[in-house]
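Now for the letters of each chain:
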Amino acid sequence: MAADLPRDGADAIQDAWRRELPGVPVDSIGVITRIWWAAKVFGDERRRLLAALGVDVATLDLLSTLRRAGPPYRMSPGALAEACMVTRGAITQRVERAVTAGLVERTTAGSGYHTRAVTLTEAGHALLDRVVAGLLTAEDRLVGHLPLQRREQLADLLRELLAGFGGPEPTGQVGD
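Thresholds, definitions, all that
- Residues numbered from 1 in each chain as written.
- Predicted model: local features only at pLDDT ≥ 70, side-chain atom pairs only at ≥ 80, totals over all residues.
- Heavy atoms only, no water.
- Salt bridge = Lys/Arg side-chain N within 4 Å of Asp/Glu carboxyl O.
- Helix = DSSP H or I, 4+ residues; strand = E, 2+ residues; numbered from the N terminus.
- Buried < 20%, exposed > 50% of the residue type's maximum accessible area, 1.4 Å probe, protein only.
- Axes fitted to C-alpha atoms, helices over the stretch in contact; angles between N-to-C directions.
- Parallel < 35°, antiparallel > 145°, perpendicular 65-115°, else oblique.
- Contact = heavy atoms within 4.5 Å.
- Nonpolar A, V, L, I, M, F, W, Y, C, P; charged D, E, K, R; others polar.

Visitor: Help me get a handle on the pattern of salt bridges, residues and values and all.
Guide: This structure, assessed with the given rule, holds 15 salt bridges. Between Glu139 and Arg46 there is a salt bridge, with its nearest N and O atoms 2.8 Å apart. Here Glu139 is found in helix α6 (residues 122-143), whereas its partner Arg46 is found in helix α2 (residues 28-53), with 93 residues between them in sequence. Under the relative-accessibility criterion, Glu139 is labelled partly exposed at 24%. For Arg67, the salt bridge goes to Asp129, with nearest N and O atoms at 2.1 Å. Of the two residues, Arg67 is situated in helix α3 (residues 57-68) and Asp129 in helix α6; the sequence distance between them amounts to 62 residues. The exposure class of Arg67 is partly exposed, given its relative accessible area of 28%. Put simply, Arg7, Asp15, Arg18 and Asp27 are held in one network by salt bridges that share partners.

Laid out in structure tokens, this is it:
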């Protein structure tokens, strides 16, 4: 424990289980409990900010996926479903809501009539830029009390933790 930090609730939980179940490893509590608590703070802040900006998580995911694809900001529904890690039915619903809001449009891509695509509109692009800028600024404030070197160290430690799980790289949100 860092010498200048006071003990917290995770320490108390760990101490109690160490007392109640001697011989059972409890060191993970100090890591996992704090990660869950941090995830709750991050998730609550993200939901609050997105609500204030008038965007839900599913729409943000759809628009962000299209934007990160690069110009022309177009993907097939199947590729979108795969990239967003949701079913084709879920993508259809997301796209329908975004079309109604004027954030994306259904287009044809390539030479075939049946080659359908979803394209980010100018309004969707502008909204996403505003939302992502606000979101990243807010999230920077959440970790801003840590010096840059400590943020980089924490990012490296979390990358190492996740790599140790094996299997496919985790994506999505807490609770998905």
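Visitor: Describe unusual backbone geometry, listing the residues and the values that go with them.
Guide: Peptide bonds are mostly trans, and most non-glycine residues show a negative phi. Of the consecutive residues Pro71 and Pro72, the connecting peptide bond is found in the cis state with omega at 10 degrees. Mapped onto the fold, Pro72 is located in the loop between α3 and β1 (74-75). The backbone phi angle of Tyr73 is positive, close to 60 degrees, even though this residue is not glycine. Residue placement: Tyr73 occurs in the loop between α3 and β1. Even without being a glycine, Met85 presents a positive backbone phi close to 55 degrees.

Visitor: Describe the packing of α3 against α6, naming the residues involved and giving the relevant values.
Guide: Interaxial distance between α3 and α6 falls to 10 Å at its minimum, and their mutual angle equals 105 degrees. The orientation of α3 relative to α6 falls into the category roughly perpendicular. When α3 is examined against α6, the residues Leu60, Leu63, Ser64 and Arg67 are found in contact with a partner set consisting of Gly124, His125, Leu127, Leu128, Asp129, Val131, Val132 and Leu135. Its residues placed into classes, the contact of α3 with α6 shows seven nonpolar, three polar and two charged.

Visitor: Requested: an account of the environment of Leu49, with residues and values cited.
Guide: Summarising the element assignment, Leu49 is placed in helix α2. Assessed through its relative accessible area of 12%, Leu49 is described here as buried. Taking the C-alpha atoms as reference, Leu49 lies 7.9 Å from Gly134; in sequence the two are 85 residues apart. Look past the residues within four positions of Leu49 in its chain and what remains in contact with it is Gly134, Leu135 and Ala138.

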